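# Examining the three-dimensional arrangement
Now for the letters of each chain:
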Amino acid sequence: MKLETHQLSIQYDNQIILKDVDFELESKQFALLVGPSGCGKSTLMMALAGLYPKYGGVLSSAVTLDGLAVHSIKANQRAPQIAILFQHPEQQFAMDNVRDEMIFALENLSLAAEEIDKRIDQALQSVGIASLQHRQLSQLSGGELQKVALAETLALGAEIILLDEPFAAVDPIHRRELQLVLKKLVDEGHGILVSDHDKSNYDTLITHLYHMENQQLERVADAAWGDFLSQRSNRIV
Ligand SMILES: Nc1ncnc2c1ncn2[C@@H]1O[C@H](COP(=O)(O)OP(=O)(O)OP(=O)(O)O)[C@@H](O)[C@H]1O
Ligand SMILES: [Mg+2]
């Protein structure tokens, strides 16, 4: 599966945020997106997820998923292919406990009850949170909530997963655990794009590094990663 933009520009009202962006994300790729606050990372991710133009930004050309305009794919057909996770997943939850929340999310896919149970069990296991399945969402930590959101996404079947600053409310131990879960998912065939202000501990995990600034998206050459990812680097905020 391939998510792609070609010379994509995005604007809000009359303000251009991104210009002529070429981007590709395929299955088995793990891409990290970095850049200063306000440069347009969330804007690009919303567009990649097919949420624009419906929920805001105006695009100069369509984002495509295997050649089809992603915004035109119906939401219930899009969910099994591509998903976006935000910084505060609890804002998207509709139910009180973990398993009920996941059942609720899967009910739109018109699956048999046994298939729903099977998918939920597999997804909980894959993310390592089977023990949380009967917990109240309101009592979970930021890291645990992010794991529930990721498990829900997996259960829906999304092959391409976009995560917009998923670790902002997550402590360092959960952050590392989640980074390693993402790496495992990439090895299993998912394509993942994550934006993060904290660039640490990605160097051995990612396959692609992107830097956004001044309306441009640039792919950082592998040889320059050390400089970019090092905390001492002052090239990016
Ligand atoms: N819905 C919107 N309508 C108008 N302007 C917007 C909208 N969303 C974002 N912007 C503006 O677009 C620019 C890019 O915002 P965006 O949220 O994409 O940046 P970001 O790189 O994700 O920042 P951060 O690292 O702080 O999350 C900002 O100037 C922001 O104010
Ligand atoms: Mg953002």
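Sequence positions are assigned chain by chain, starting from 1 and proceeding in written order. Following the order in which they are written, the chains are lettered starting with A and the ligands numbered starting with 1. Whole-chain, interface and lining totals are the exception, using all residues; otherwise, since this is a predicted model, local features are given only for residues with pLDDT of at least 70 and side-chain atom pairs are given and counted only at 80 or more. By convention in this description, side-chain values take in all heavy atoms of the structure and omit both hydrogens and water.

## Thoughts on the pattern of salt bridges
We define a salt bridge as a contact between a side-chain nitrogen of Lys or Arg and a carboxyl oxygen of Asp or Glu at a distance within 4 Å. Here the structure, examined in full by the defined rule, presents 9 salt bridges. A salt bridge links Asp-121 to Arg-99; its shortest N-O distance comes to 2.9 Å. Linking Asp-121 in helix 4 (residues 113–127) with Arg-99 in helix 3 (residues 98–107), this pair joins segments that are 22 residues apart in sequence. Here Arg-99 falls in the buried class, since its relative accessible area comes to 11%. One salt bridge in this structure joins Lys-147 and Glu-177, with 2.3 Å as the shortest N-O distance. Of this pair, Lys-147 sits in helix 5 (residues 142–156) while Glu-177 is found in helix 6 (residues 172–187), placing the two residues 30 residues apart along the sequence. Type-normalised accessible area, obtained with a 1.4 Å probe on protein chains alone, sets the label of each residue: buried when under 20%, exposed when over 50%, and partly exposed for intermediate values. With a relative accessible area of 6%, Lys-147 lands in the buried category. Taking relative accessible area as the criterion, Glu-177 reaches 37% and is therefore assigned partly exposed. What you see here is one network of salt bridges that share partners, running through Arg-99, Asp-117 and Asp-121. Each helix is a run of H or I in the DSSP string that is no shorter than four residues. Each strand is a run of E no shorter than two, and both are numbered from the N terminus.

## Focus on the packing of helix 3 against helix 5
Relative orientation of the contacting elements helix 3 and helix 5 amounts to 35°, with a least axis distance of 10 Å. Where helix 3 crosses over helix 5, the handedness of that crossing is right-handed. Of the residues in helix 5, those touching helix 3 at Val-98, Glu-101, Met-102, Ala-105 and Leu-106 are Val-148, Ala-151, Glu-152, Ala-155 and Leu-156. Residues are sorted three ways: Asp, Glu, Lys and Arg are charged, Ala, Val, Leu, Ile, Met, Phe, Trp, Tyr, Cys and Pro are nonpolar, and all the rest, Gly among them, are polar. A class-by-class count of the residues in the contact of helix 3 with helix 5 yields 8 nonpolar, no polar and 2 charged. Every angle, taken between N-to-C directions, lies between 0 and 180 degrees, and every axis is a line fitted to C-alpha atoms, over only the stretch in contact when it is a helix. Whether a crossing is left-handed or right-handed is set by the direction in which the near helix is turned from the far one by less than a right angle, anticlockwise for left-handed and clockwise for right-handed. Residue contacts follow a heavy-atom distance rule, with two residues in contact if any of their heavy atoms lie within 4.5 Å.

## What about helix 5?
Multiplying one less than the number of residues by 1.5 Å gives the expected span of a helix. Taking 1.5 Å per residue as the helical rise, helix 5 with its 15 residues ought to reach 21 Å, and the 21 Å between its terminal C-alpha atoms agrees with that figure. Counting buried residues in helix 5 gives 14 out of 15 residues, a clear majority hidden from the surface. Gly-157 sits one or two positions beyond helix 5 and adopts a positive phi of about 100°.

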